[in-house]
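These are the residues of each chain, in order.
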Amino acid sequence: SSGAAWFGRLQTNGTWTAGRPFGVSGATCSSLARMDQGGFIAVGHEPLPNGNDTRATWWRLGPTGAPLARWQFAGGPSSDFVDVTRSAAGTLFVIGHTNHKVSGRAALFARVDRYGVETTTRVLSGATPRSLIGITWHPAGYIVATGGQSPTADPNAGTAPLVLSLDPWGHTSCEKAGKC
């Protein structure tokens, strides 16, 4: 599948081995994380048939990169997953962005269990457009995500740095999560 995303391994000497494509033609993978049961979760996007938009996608890959499952964000019209991190318990957290029908660009969050099953998806919409590009798990039990946020409702107004602290369900506060 020419033009698809690729999984491969680099040996310690820098030699590329075990390359294999996954996803449809035009798929892009931006990050991956190891799973407890072996294999990986890769995140990125696949193009939609209209040729203009993309759909945020994650792929569950076996230890050699063989595609085992694929999940796509149901919203849109254009979305992308850009980073993934893993908790000590093996839960995977995925972030990205989507074009939200109310607030324009909005941050996107997904939680994937240790078996590769999506358990939570949230659009983190706000008063201004935002996008998340980096995520890490903090040992104290929360997620830190970074990205950008437009200072106004105009998505063309420029971007200011954005850092969010999220609970394991993608909420920015314990009240919203109902866990206080």
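Starting afresh in each chain, residues are numbered from 1 along the sequence in its written order. Thresholds applied to this predicted model are a pLDDT of at least 70 for local features of residues and 80 or more for the giving and counting of side-chain atom pairs; totals over whole chains, interfaces and linings are not thresholded and use all residues. Here the side-chain values reflect all heavy atoms present in the structure, with hydrogen atoms and water set aside.

**Focus: the overall build of the protein chain**
Right, so step 1: Strands are runs of DSSP state E lasting at least 2 residues, helices are runs of H or I lasting at least 4, and numbering of each runs from the N terminus. Counting its secondary structure elements, the protein chain contains 1 helix and 13 strands.
Right, so step 2: Along its sequence from the N terminus, the protein chain presents helices and strands in the succession β-β-β-β-β-β-β-β-β-β-β-β-β-α.
Right, so step 3: Taken over 180 residues, the protein chain has a buried fraction of 43%.
Right, so step 4: The criterion used for residue contact is that any of the two residues' heavy atoms lie within 4.5 Å. When contacts within the protein chain are restricted to residue pairs at least 6 apart in sequence, those whose partners lie at least 24 apart make up 35%.
Right, so step 5: Accessible surface is estimated by sampling points in the Shrake-Rupley manner with a 1.4 Å probe; for residues, cover comes only from the protein chains shown. When the accessible surface of the protein chain is split by element, carbon and sulfur atoms take 54% of a total near 8900 Å². Only protein chains enter the accessibility calculation, which uses a 1.4 Å probe; a residue is then buried when its area is under 20% of its type maximum, exposed when over 50%, and partly exposed in between.

**As for the packing of aromatic side chains**
Each aromatic ring pair is characterised by the separation of its centres together with the angle its planes make.
Right, so step 1: Planes of paired rings set the category: under 30 degrees apart is stacked, over 60 is edge-to-face and the rest tilted, where pairs are Phe, Tyr or Trp rings (Trp by its six-membered ring) whose centres lie within 6.5 Å. On inspection of all chains with the given rule, the structure shows 5 aromatic pairs.
Right, so step 2: On the numbers, 5.0 Å between centres and 75° between planes, the contact of Phe22 with Trp59 is edge-to-face. Of the two residues, Phe22 sits in strand β2 (residues 16–22) while Trp59 sits in strand β5 (residues 54–61), which places them 37 residues apart along the sequence.
Right, so step 3: Note on Phe22: relative accessible area 2%, which makes it buried.
Right, so step 4: For Trp59, a relative accessible area of 1% puts it in the buried group.

**A short note on the pattern of salt bridges**
Right, so step 1: The salt bridge definition used is simple: a Lys or Arg side-chain nitrogen within 4 Å of an Asp or Glu carboxyl oxygen. Taken as a whole, this structure holds 3 salt bridges when the rule is applied.
Right, so step 2: A salt bridge links Asp36 to Arg114; its shortest N-O distance comes to 2.9 Å. Of this pair, Asp36 sits in the loop between β3 (28–34) and β4 (40–47) while Arg114 sits in the loop between β9 (104–112) and β10 (118–124), and the two are 78 residues apart along the sequence.
Right, so step 3: What makes Arg114 partly exposed here is its relative accessible area of 32%.
Right, so step 4: Arg70 is paired through a salt bridge with Glu46; the nearest N and O atoms lie 3.1 Å apart. With Arg70 in strand β6 (residues 67–72) and Glu46 in strand β4, the pair connects residues that are 24 residues apart, well separated along the chain.
Right, so step 5: You can call Arg70 partly exposed: its relative accessible area is 48%.
Right, so step 6: What makes Glu46 buried here is its relative accessible area of 2%.

**Here we look at the side chain of Ser78**
Right, so step 1: Topologically, Ser78 is positioned in the loop between β6 and β7 (79–86).
Right, so step 2: Judged by relative accessible area, Ser78 falls into the buried class, the value being 19%.
Right, so step 3: Polar contact is the term for a pair of N or O atoms within 3.5 Å; when the atoms are in protein, one must be able to donate a hydrogen and the other to accept it, and sequence-neighboring residues count only if both atoms are side-chain atoms. A polar contact is formed between the side chain of Ser78 and the side chain of Thr54, at a distance of 3.5 Å.
Right, so step 4: Once residues lying within four places of it in the same chain are set aside, the contact partners of Ser78 are Asp53, Thr54, His97, Thr98 and Asn99.

**Details of the nonpolar core**
Right, so step 1: Core analysis: the biggest nonpolar cluster contains 15 residues, and Ile41, Val43, Trp58, Phe81, Leu92 and Val94 have the highest contact counts within it.
Right, so step 2: Elements with a contribution of two residues or more to this core: β4, β5, β7, β8 (92–100) and β9.
Right, so step 3: The element that contributes the greatest number of residues to this core is β9, accounting for 3 residues.
Right, so step 4: Here, nonpolar core means buried Ala, Val, Leu, Ile, Met, Phe, Trp, Tyr and Cys residues that are tied together by side-chain atoms lying within 4.5 Å of each other. Core analysis: the next-biggest nonpolar cluster, separate from the first, contains 13 residues, Ile95, Ile135, Ile143 and Leu162 among them.

**Some remarks on the sheet that holds β5**
Right, so step 1: Pairing between strands is defined by DSSP: at least two bridges between them are needed. If you walk across this open sheet you meet the 4 strands as β3-β4-β5-β6, and the pairing is antiparallel. Each of the sheet's edge strands pairs with one partner strand only, and the pair in question is β3 and β6. Taking each pair of neighbouring strands and ignoring which way they run, the sheet shows an average axis angle of 25°.
Right, so step 2: Direction of pairing for β5 relative to β6: antiparallel, over a ladder of 5 bridges. Of the residues in β6, the one forming a bridge with Leu61 is Pro67. Here an angle of 0 to 180 degrees is reported between the N-to-C directions of two axes, which are lines fitted to C-alpha atoms, with helices fitted over the stretch in contact.

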